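If you want the building blocks of each chain, they are given just below.
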Amino acid sequence: ECLVSGNISQGAAETFFANVSRIMNKAKALHDRSMDDFDYQNDHWIPGPFQRNLEDCEDTHLHFQSKNPEEQNGAVRMTFQSASPGFKGTDMDCPLTHESLTQTAALRVMCHMLREPLFNQLRTKEQLGYIVNSFYDIDFFMESNPLQLQTYTTPINKVIVNVLSRKVSPPVLTQRIDEFLNSFRDKLSDISEDEIRNHTDSLSRKLLKPVQKLETEVDMNFNKIRRYSPELLDNYQDLDDECAEIKGKLPWQTNKSLAAAIQKVTREDIVHAWDSVIGQRRSRVVSHIYGSSFPLNIDSIPSNTGSRHGLKSRKKNGVRNIVQIESMENLIENRLRLVPYGNSKADMSLTTTSTQLCMKRLSQNKVVMAGFIAGASLLLYTLNTISSRKQGERNDRPKG
């Protein structure tokens, strides 16, 4: 079966399906070739995306001047990374665990609560910036087990805070955001049960709201196929135990599971999520972009007593380490010292081997690669069809 979305005729869709079937059949034949023919340089497929694990109790502060000399505004973007993996989906968990589901649900409720008070305080009352927002976000990291040659995709929960301003400098914005976040933690401890239920009900309704556009539904489903099909095909197709039936499915019903979990979120869950992601043990990156109103002055960046890998660093209150980065060279250097997400430094050498083996293993699975080829072909074919149709319509118009 094949679903073609877009301005395309039935005949064109059937032709496309025939071409994709031909590619898939050829890929299946290539899948059986021996390892003697494997060309690592030309045949390997690099899985992705790849994410680094921010260090516990550490802030990374980036300082860069805007590339636009006429830009007056400065900006701060805070990215808080959760150390606990996000919710992948019930169908992908075996044995079933509710830890990632509860953590993800609590984080989403927490972000729902944070958005309006942050805007009201910094934008409406203090008028620090024209743009003030915060939201929940998610990244993905793909890795492979070096011993079992198994592929895994890990969701990574994030909390984002953005402020755009020409009223104060980016470091002052960071200070005011932190002051607000510290005060908001106290409000979470005293929040009423009724207010919690108002937020959970509202967020659950949004997650369960039917998709209005076919294009949106196609994108949602294809993203799940793209992220989890390598894990599904690599790990579970040969399982003989009871996990095979559970884990042999893509997580189509993620929103329903999250909506149900959100309804059960408690005050304790929200406070725990806050403390683990935004509290004292947080791991975050703070990007400072300087406009012409407050240009970047390297000497104004706080001096630090320590130095590590050529980067300025310091301890604050004996707990937090702050890494100041002022150039692309230091940014790359800092990224390289961080281990892949979900790994310790002791596991870093194993992870490097894991990535190499994962590429080698997946390069043999031409069926997975063909799926990506088919998706790209569908996009190109649809665009070409639309372009040809529009050209034909212009040619059919009466002239003069």
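Everything below is about the structure printed above this text.
Along every chain, residues carry numbers that run from 1 in the direction the sequence is written. Only residues with pLDDT of 70 or above have their local features reported here, since the model is predicted, and side-chain atom pairs are shown and tallied only from 80 upward, although totals for entire chains, interfaces and linings are computed over all residues. Remark: hydrogens and water are excluded; side-chain values derive from all non-hydrogen atoms of the structure.

A. Layout of the environment of Gly 291. Secondary structure elements follow DSSP: runs of H or I of four or more residues count as helices, runs of E of two or more count as strands, with numbering from the N terminus. The topology assignment puts Gly 291 in the loop between strand S5 (283-290) and strand S6 (306-308). Along the primary structure Gly 291 and Gln 65 are separated by 226 residues, whereas in three dimensions their C-alpha atoms are 6.6 Å apart. Contacts are assigned to residue pairs that have any heavy atoms within 4.5 Å of one another. Look past the residues within four positions of Gly 291 in its chain and what remains in contact with it is Gln 65, Glu 71, Gln 72, Asn 73 and Gly 74.

B. Representation of the side chain of Arg 52 within the structure. Tracing the backbone through its elements, the reader meets Arg 52 in the loop between helix H2 (40-43) and strand S1 (58-65). A distance of 2.6 Å separates the side chain of Arg 52 from the backbone oxygen of Leu 338, its partner in a polar contact. In protein, a polar contact requires one atom able to donate a hydrogen and another able to accept it; more generally it is a pair of N or O atoms within 3.5 Å, and residues adjacent in sequence count only if both atoms are side-chain atoms.

C. The pattern of salt bridges, seen in detail. Salt bridges are defined as contacts in which a side-chain nitrogen from Lys or Arg sits within 4 Å of a carboxyl oxygen from Asp or Glu. Applying the stated criterion across every chain yields a total of 12 salt bridges. Measuring nitrogen to oxygen at the nearest pair gives 2.6 Å for the salt bridge that ties Arg 337 to Glu 58. With Arg 337 in helix H10 (residues 328-337) and Glu 58 in strand S1, this residue pair connects regions lying 279 residues apart in the sequence. Buried, partly exposed and exposed residues are distinguished by accessible area as a fraction of the type maximum, computed with a 1.4 Å probe on protein chains only: under 20%, between the cut-offs, and over 50%, respectively. Classification of Arg 337 as buried rests on a relative accessible area of 10%. For Glu 58, a relative accessible area of 4% corresponds to the buried category. We note a salt bridge from Arg 282 to Asp 59, for which the minimum N-O separation is 3.3 Å.

D. Expanded view of the packing of aromatic side chains. Only centres within 6.5 Å qualify two rings of Phe, Tyr or Trp (six-membered ring in Trp) as a pair; their planes then separate them into stacked at under 30 degrees, edge-to-face at over 60, and tilted for everything else. Counted by the stated rule, this structure contains 4 aromatic pairs. Each ring, one from Phe 50 and one from Phe 141, has its centre 5.3 Å from the other, and the planes form 75°; the classification is edge-to-face. Of this pair, Phe 50 sits in the loop between H2 and S1 while Phe 141 sits in strand S3 (residues 131-145), and the two are 91 residues apart along the sequence. Phe 50 sits in the partly exposed class, given a relative accessible area of 33%. By relative accessible area, which is 1% here, Phe 141 ends up buried. Note on Phe 140 and Tyr 228: the rings are 6.3 Å apart at their centroids and 80° apart in plane angle, and the pair reads as edge-to-face. Of this pair, Phe 140 sits in strand S3 while Tyr 228 is found in helix H6 (residues 214-235), placing the two residues 88 residues apart along the sequence. Here Phe 140 matches Tyr 228 in class, with each residue buried. Connected via pairs of aromatic rings, a cluster forms that spans Phe 180, Phe 184 and Trp 274.

E. Geometry of a nonpolar patch on the surface. To count toward a patch, a residue needs a relative accessible area above 30% and no salt bridge. Like charges then connect within 9 Å, nonpolar side chains (Val, Leu, Ile, Met, Phe, Trp, Tyr) within 5 Å. Accessible surface area values rest on a Shrake-Rupley calculation with a 1.4 Å probe, where residue burial reflects the displayed protein chains alone. Together, Phe 222, Ile 225 and Trp 252 give the surface a local cluster of nonpolar side chains, amounting to about 260 Å² of exposed area. Assignment of secondary structure puts Phe 222 in helix H6.

Honestly, it's all geometry; don't read function into it.
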